[in-house]
Amino acid sequence: MSDCFEVNVSSSSSFARSGVLHTAHGRVLTPFFMPVATKGAVKFVSHPQLVNELCVECMISNAFINYLKPGLGLIESAGGLHKFIGWDKSLFTDSGGFQLILDHFVHKVTNKGVFFKNPFDKSIELISPTKAIHIQNSLGSDVAMCLDHQPLFGKSRAAYLDSAIRTIEWGLECKKAHEENVNKTNKHQLLFGIAQGGIHKDIRCKCALALHKIGFDAVALGGFGIGEAQRDMYAIIKEVKKILPKNNPTYVMGIGSPIEILNAVENGADMFDSAYPTRMARHGLIFTSEGPIKIDRAVHKNSFFPLDKNCNCFVCRNHSRAYLHHLFKTYEQNGLMLLSYHNTYFITNLMKEIRLSINENRFESFKKDFEKNYSKKEN
Ligand SMILES: [Zn+2]
């Protein structure tokens, strides 16, 4: 365990805490949410908006996708992924493990690694744990993630156990490769392991503990947000928190809805990533303090109210639901940009309020009030 993370304030009545993650590109206040920039860009939200207006301090890109296109050679020539995409703040890369649940990406999984289908030329490509690390070393992200074996939701206990064991074995390979190969563009790159085990507490805890003993900078939790009950996810987060040291920054991967984030924070989670806010925006589902709305519904056609009367973002200060409904219904791309901007603002602002409430020791009442307002009938 490195000293990349420090806890500042711990809640007196839950596992919630605020702190700081230190990376080679600066400090990131926790708990935080990372927008997903799979190909190096967040869909419909620009870098200036993320940095200057939404105050995003960290985002996550996909190592495997960048490796395929535009390719490592070009990104290395540019001086690494930060320089290539023009991002001077903290940057995570996922190894590609999440793609394991996507049929069109995976040919097969063996102990050697994952045989991916290259979506661009249909060739089969082996990504071994060592190769996953070499790719991320070359990209020079601030935080590299181990290759993990994520089973599909609903598999047998035996399948989850197998995937956890394989994830530990791959973790050992990743750690060795990282130590031997650090680094071309970021010699301070951190390496996080990813605990698997589905909703089986014993498997999750044993996997997390084994990964911790390997000596990663942190142990994250993967494989959520794919169909499990929310209460099972919260219970797993809490159990894993109990067995890992306090200074393990707990990254819960793939979570991005307001209610899930609040509950995960209550159980000790420190960081999140998900394409959910921007993906939902492109489908017209908009977060508001009084619950999600669907902007394509006829009820918004003549409404000159903002998306959310309690939101202070550019879109809510300047545009009406009627205008955004019109853009969305007429397939105007600018509408998708404005809706993606609002949803990203909503989540980043929620994280800011969560941090403040923890620091002022009133997280539980903040959560209760938020949930009460958010559960108003969808409109
Ligand atoms: Zn707004």
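Fair warning: this is a prediction, and the values are worked out from it, not measured in the lab. (Residues numbered from 1 in each chain as written. Predicted model: local features only at pLDDT ≥ 70, side-chain atom pairs only at ≥ 80, totals over all residues. Heavy atoms only, no water.)

1. Brief notes about unusual backbone geometry
Put simply, the rule is: Think of it this way: any DSSP run of H or I at least four residues long counts as a helix, any run of E at least two long counts as a strand, and we number them from the N terminus.
Here the bond from Thr 30 into Pro 31 is cis, since omega is 0°, no more than 30 degrees from zero. In this structure, Pro 70 follows Lys 69 across a cis peptide bond, with omega equal to 10°. For Pro 70, the location among the structural elements is in helix H2 (residues 63-78). A positive phi angle, close to 70°, is found at Lys 122, a residue other than glycine. Along the chain, the position of Lys 122 falls in the loop between strand S8 (113-117) and strand S9 (124-127).

2. Here we look at the packing of aromatic side chains
Quick reminder of the rule: Pairing of aromatic side chains requires ring centres within 6.5 Å, counting the rings of Phe and Tyr and the six-membered ring of Trp. Pairs whose planes differ by under 30 degrees are stacked, by over 60 edge-to-face, and all others tilted. Here, a charge over a ring is recorded when the distance from Lys NZ or Arg CZ to the ring centre is within 6 Å and its angle to the ring normal is within 35 degrees.
Applying the stated criterion to the full structure yields nine aromatic pairs. Relative to Phe 370, the ring of Phe 366 has its centre 6.3 Å away and its plane inclined at 40°; by these criteria the two rings are tilted. Taken together, the residues Phe 366 and Phe 370, both in helix H13 (residues 363-374) and four residues apart, mark about one turn of the helix. Among the aromatic residues, those joined into a ring-pair cluster are Tyr 276, Phe 287, Phe 346, Phe 366, Phe 370 and Tyr 374. Sitting over the face of the ring of Phe 115, Lys 108 holds its NZ or CZ atom 5.2 Å from the ring centroid. Over the ring of Phe 224 we find Arg 204; its NZ or CZ atom is 4.4 Å from the centre of that ring.

3. Some remarks on the domain arrangement of the protein
Operational definition: An automatic or database domain assignment supplies the residue ranges for each domain. Here, two residues are considered to be in contact whenever any of their heavy atoms come within 4.5 Å of each other. Defined in terms of a 1.4 Å probe, buried area is the accessible area two parts forfeit on being brought together, summed over both. A carboxyl oxygen of Asp or Glu within 4 Å of a side-chain nitrogen of Lys or Arg is what we treat as a salt bridge.
Here the domain parsing of the protein yields domain 1 (5-274) and domain 2 (282-379). Placing a centre on the C-alpha atoms of domain 1 and another on those of domain 2 gives a separation of 27 Å. Contact residues are listed per partner, giving 31 residues for domain 1 and 26 residues for domain 2. Both faces combined, the contact of domain 1 with domain 2 buries some 2,500 Å², and carbon together with sulfur accounts for 72% of it. Where domain 1 touches domain 2, the interface holds one salt bridge. We note a salt bridge from Lys 367 to Glu 266, for which the minimum N-O separation is 3.2 Å.

4. Quick notes on the sheet that holds S8
To keep it simple, the criterion reads: Any two strands between which DSSP finds at least two bridges are classified as paired. The axes are straight lines fitted to the C-alpha atoms, using for helices just the contacting stretch, and the angles between their N-to-C directions are given from 0 to 180°.
Taken in spatial order, the three strands make up an open sheet running S7-S8-S9, and their pairing is antiparallel. Each end of this open sheet is capped by a strand with a single partner; those strands are strand S7 (106-110) and S9. Put simply, the sheet's adjacent strands are angled 20° from each other on average, direction ignored. Taken together, the four bridges between S8 and S9 define a ladder with antiparallel strand orientation. Bridging from a neighbouring strand, Phe 115 pairs with Leu 126 of S9. Relative to S7, helix H5 (residues 157-181) is tilted by about 80°, and along the sheet it contacts S7 and S8.

5. A few points about the nonpolar core
Our working definition: Here the nonpolar core consists of buried residues drawn from Ala, Val, Leu, Ile, Met, Phe, Trp, Tyr and Cys, with membership extended through side-chain atoms lying within 4.5 Å. Three labels apply to residues, based on accessible area from a 1.4 Å probe with only protein chains included: buried if under 20% of the type maximum, exposed if over 50%, partly exposed otherwise in between.
Ile 261, Phe 272, Leu 307 and Ile 354 are the most contacted members of the largest nonpolar core, which totals 93 residues. Each of two domains, domain 1 (5-274) and domain 2 (282-379), supplies a minimum of three residues to this core. Setting aside chain neighbours within four positions, we find Ile 354 in contact with Pro 31, Ile 261, Leu 262, Val 265, Phe 363 and Phe 366. Of all hydrophobic cores here, the second largest spans 20 residues; its members include Met 34, Phe 92, Leu 190 and Ala 220.

6. A closer look at the pairing of strand S3 (residues 26-30)
Two strands pair when backbone bridges link them, and strand S2 (residues 17-23) and S3 are joined in this way by five bridges, in the antiparallel orientation. Each bridged residue has a counterpart across the sheet, and for Gly 19 the counterpart in S3 is Thr 30. The turn linking S2 back onto S3 is made up of two residues.

7. Section: the coordination of the zinc ion
Inclusion rule: Because water is not among the atoms used, a metal site may look incomplete, as its donors are only the N, O and S atoms within 2.8 Å, or 3.2 Å for Na, K and Ca. The rule is simple: four donors are tetrahedral if all their angles sit between 85 and 135 degrees, four are square planar and six octahedral if opposite donors span more than 155 degrees and the others lie between 65 and 115, and anything that fits none of that is irregular.
At 2.2 to 2.3 Å from the zinc ion lie its protein donor atoms, namely Cys 311 (SG), Cys 313 (SG), Cys 316 (SG) and His 342 (ND1). Of note is the zinc ion, whose four donor atoms meet at the metal with angles of 100 to 115° in an arrangement that counts as tetrahedral. Considered as a linear motif, the donors of the zinc ion on their single chain read C-x1-C-x2-C-x25-H. Of the two residues, Cys 316 is situated in helix H10 (residues 314-318) and His 342 in helix H12 (residues 333-359); the sequence distance between them amounts to 26 residues. Here His 342 falls in the buried class, since its relative accessible area comes to 0%.

8. A look at the pattern of salt bridges
Counted by the stated rule, this structure contains 11 salt bridges. Note that Lys 367 is salt-bridged to Glu 371, the shortest N-O span being 3.2 Å. With Lys 367 and Glu 371 both in helix H13 and four residues apart, this pair spans about one turn of that helix. The exposure class assigned to Lys 367 is buried, which follows from its relative accessible area of 7%. In the salt-bridge network here, residues are joined through shared partners; they are Arg 17, Lys 241 and Asp 270.

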